[in-house]
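Here is what each chain is made of, one letter per residue.
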Amino acid sequence: MRQYNTGYQFKEGFHSIFAHGLMSFAAVCMIVACLIIMGSFSLVAVNLDNTLGDLEAQNEFTAYIDDSLSETEIQKLQSQIEAIPNVSTVTFVSREQALQDYIQRYSDSENSDLFQSLPQEVLRNRFQIHVVSIEDISSTVQSVEQVNGIAKVRAELEIAQGFVAVRNVASAVAFILVMLLLVISLFIIANTIKLTTFHRREEIAIMKMCGATNWFIRWPFIFEGMLLGFAGAVIAFFIQWGIYSLILNAVANYGGLQLLDIIPFRNLAGRLGVTFGGAGLLIGGGGSLLAIRKFLQV
């Protein structure tokens with residue numbers, strides 16, 4: 001009895017699924033529900049992070065150039081700013097181009113005539129500076145301010161910090177919720193499988209009295225739980241795919257939500273499938289271990 005036979009244990013676990021079909025069906029349904037809830041929270045967090053990342057990428061600040069600098073000096077100044085850590089790109093905008101941008105921006109406003117007659121001399125040459133990481137934008141702004149030839153820097157630091165705060169909070173909340181749901185799922189599945197195990201307590205007791213080790217008894221239940229978990233993961237994956245596709249189509253057809261940048265499911269399918277598969281095996285196998293622990297104390 002002490003000799004381990006993986007084939008026998010796997011066959012016993014597989015047979016038990018059909019021998020207790022109703023309880024197996026209940027366990028699979030619970031795993032599907034738990035994985036869909038966890039997957040939905042995770043997908044919301046991933047898409048929110050992606051949307052905020054796109055908004056961050058559009059964030060920039062403006063550095064106004066001293067009027068006394070020549071074109072050659074401005075080119076050297078641009079190279080100097082590009083060498084600052086965390087600076088992604090530096091775009092030179094002449095006062096003429098800045099005036100044209102203002103005119104286009106306010107062409108539909110009531111004061112558009114004022115901008116049409118505005119002399120370009122009132123505007124300064126400037127650099128539009130994009131950063132690599134928005135989290136370090138404050139230190140980048142300070143570094144640019146210290147560069148000789150920069151007269152003034154204008155940056156919306158509060159907006160940038162707001163993006164960072166929202167992303168960090170959203171990621172933290174999603175992580176906590178997923179971990180809580182994982183633990184809750186583990187205990188729900190453990191209790192569900194425990195009902196099946198209860199009917200086999202006499203069989204377990206006999207095996208113990210015949211000299212079977214605890215792990216020899218555990219493995220069929222672990223295989224059973226893992227098979228149930230994997231089956232639930234496969235079903236949950238396709239249901240999640242359908243739900244995600246419906247939401248994606250709804251967002252695409254509703255103009256008010258165009259700000260949201262929803263990632264196509266095909267870009268997430270691989271990671272989601274692996275995550276669902278791993279979580280299903282963990283929930284099923286771990287739940288079985290928790291369920292059988294009490295019945296081994298004979």
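**Considerations on the nonpolar core**
One finds L35 and F276 to be the most contacted residues of the largest nonpolar core, which totals 23 residues. Residue assignment for this core shows that the elements contributing at least two residues are α2 (21–58), α7 (157–198), α9 (214–253) and α10 (265–293). When residues of this core are assigned to their parent elements, the largest contribution, eight residues, is made by α2. Not counting chain neighbours up to four residues away, the residues in contact with L35 comprise G232, A233, A236, Q240, F276, A279, G280 and I283. With 22 residues, the next largest nonpolar core counts L77, V87, I137 and F163 among its residues.

**Considering the pattern of salt bridges**
Side-chain pairs of opposite charge can arise where the charged atoms are in close proximity. Scanning the model with the defined rule gives two salt bridges in all. The shortest N-O distance in the salt bridge between D67 and R95 comes to 3.3 Å. Here R95 lies in helix α4 (residues 95–105) and D67 lies in the loop between β1 (60–65) and α3 (71–82), a separation of 28 residues in the sequence. Measuring nitrogen to oxygen at the nearest pair gives 3.8 Å for the salt bridge that ties D67 to R124. Here the residue D67 occupies a position in the loop between β1 and α3, and R124 occupies one in the loop between α5 (112–116) and β3 (126–131), the gap between them amounting to 57 residues. The partly exposed category is assigned to R124, whose relative accessible area is 32%. Within this structure, D67, R95 and R124 form a network of salt bridges that share partners.

What counts, and where the lines are drawn
Residues numbered from 1 in each chain as written. Predicted model: local features only at pLDDT ≥ 70, side-chain atom pairs only at ≥ 80, totals over all residues. Heavy atoms only, no water. Core = buried A, V, L, I, M, F, W, Y, C linked by side-chain atoms within 4.5 Å. Buried < 20%, exposed > 50% of the residue type's maximum accessible area, 1.4 Å probe, protein only. Helix = DSSP H or I, 4+ residues; strand = E, 2+ residues; numbered from the N terminus. Contact = heavy atoms within 4.5 Å. Salt bridge = Lys/Arg side-chain N within 4 Å of Asp/Glu carboxyl O.

Purely geometric stuff here, so don't read any function into it on its own.
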